[in-house]
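# Notes for the structure review
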Amino acid sequence: MTKIEQHAHFEFLKLLIPISQLTENNMMELMNNTHVETLEPGRALFSKGDTDSRTYYLLAGQLELHTGDGTHTDIHGQTPSARHPIDHHFPRQVTAIANTPVEFLSIDNNYLDTLLTRDQNVSLAVSGTTSPDSSHDVTPGDADWMSNILRSKIFQRIPPENIQPLLKKMKPQQFSDGDTVIQQGDDGDYYYYINKGRRSVSRVIAA
């Protein structure tokens, strides 16, 4: 995909619901992990009763949605209705058939939910958390490191209601070049997150 195509893809993602709720970083992650797929006329994107766990968006072309009782509706790419997922039900309530060559996005529901939950946690943390020194409110820059923290597997296992109290307990610490942050053998009583700078890790193996 060229840079122009990537930009167009990104700009269109910002119009989709609920993808439009994502932060720019998570939207870029989504863009890097999805690609445009195609469907030939007469082929079905999915069928009524399917239980696949995916979210579909129509980018270009025309789909005919059949309910099974003889009625159908059409959906066209680049229209307001195409901003919403196609038949976002479980199981599917219609059969979606391509009337023309179709371009679409297919996103795993669990992955999309993870991105949306991550952003909701950041929003909650920013709205109710003061900076570690308690002298000013959290700034957009603070939200960046919060977002990075919430990407870690450890924080993704923490219930959302516990995220904000935990972030409130975090305090900034500064170390100079050559300082020891933790020593092998010490009690693991703190969780450290590196916001800026680099660190080296070494381990002494007993003979």
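Before reading on, note that the structure itself is shown above.
Think of each chain on its own: its residues are numbered from 1, step by step along the sequence as written. Since the coordinates come from a predicted model, pLDDT governs what is reported: local features require at least 70, and pairs of side-chain atoms require 80 or more to be given and counted, while whole-chain, interface and lining totals use all residues. Side-chain measures were taken over the full set of non-hydrogen atoms in the model, leaving aside hydrogen atoms and water.

### Re the overall build of the protein
What counts here: Helical segments are the DSSP runs of H or I of at least four residues, strand segments are the runs of E of at least two, and each set is numbered from the N terminus. Areas reported here follow the Shrake-Rupley algorithm with a probe of radius 1.4 Å; residue values treat only the protein chains shown as occluding.
Counting its regular elements, the protein contains six helices and seven strands. N-terminal to C-terminal, the α/β element order of the protein is α-α-β-β-β-β-β-β-β-α-α-α-α. Accessible surface computed for the protein: about 13,900 Å², of which carbon and sulfur atoms make up 50%.

### Re the sheet that holds strand β5 (residues 72-76)
Rules: Being paired, for any two strands, means DSSP has found at least two bridges between them. Helix axes use the C-alpha atoms of the stretch in contact, all axes being lines fitted to C-alpha atoms, and the angles between their N-to-C directions lie in the range 0 to 180 degrees.
Judged by pairing direction, the sheet is antiparallel, and its four strands sit side by side in the order β2-β6-β4-β5 without closing on themselves. Looking at which strands have only one partner, the edges of the open sheet turn out to be β2 (44-46) and β5. Ignoring which end each strand starts from, the neighbouring axes of this sheet average 30 degrees apart.

### A few points about the pairing of strand β6 (residues 95-98)
Sheet topology places β2 next to β6; two bridges connect them, and they run antiparallel. Paired with A44 across the bridge in β6 is I97. Where strand β4 (residues 62-66) and β6 come together, four bridges link them in antiparallel fashion. Of the residues in β6, the one forming a bridge with E64 is I97.

### Side note on the side chain of T95
Selection criterion: Think of it in three bands: residues with accessible area under 20% of the maximum for their type are buried, residues over 50% are exposed, and the middle band is partly exposed, with areas taken using a 1.4 Å probe on protein chains only. N or O atoms within 3.5 Å of each other form a polar contact, as long as, within protein, one can give a hydrogen and the other can take it, and as long as residues adjacent in sequence are counted only when both atoms are side-chain atoms. The contact criterion used throughout is that any non-hydrogen atoms of two residues lie within 4.5 Å.
Note on placement: T95 falls in strand β6. Its relative accessible area of 19% is what places T95 among the buried residues. Polar side-chain contacts of T95 include one of 2.9 Å to the backbone nitrogen of K48. If near-sequence neighbours (up to four positions away) are discounted, T95 is found in contact with A44, F46, S47, K48, E64, L65 and H66.

### Overview of the sheet that holds strand β3 (residues 54-60)
With antiparallel pairing, three strands are arranged side by side in an open sheet as β1-β7-β3. Either end of the sheet is taken by a strand with one partner, and the two such strands are β1 (37-39) and β3. Neighbouring strand axes in the sheet, compared pairwise and without regard to direction, differ in orientation by 40 degrees on average.

### A few points about helix α2 (residues 24-32)
We apply this condition: It is the directions from the helix axis to the C-beta atoms that the arc portrays.
Those residues of α2 not exposed but buried are N26, M27, L30 and M31. Summarising the axial view, the buried residues of α2 lie within an arc of 145 degrees, below the 170-degree limit, and thus occupy one face. Away from the buried face of α2 by more than 90 degrees, exposed residues E24 and N32 are located.

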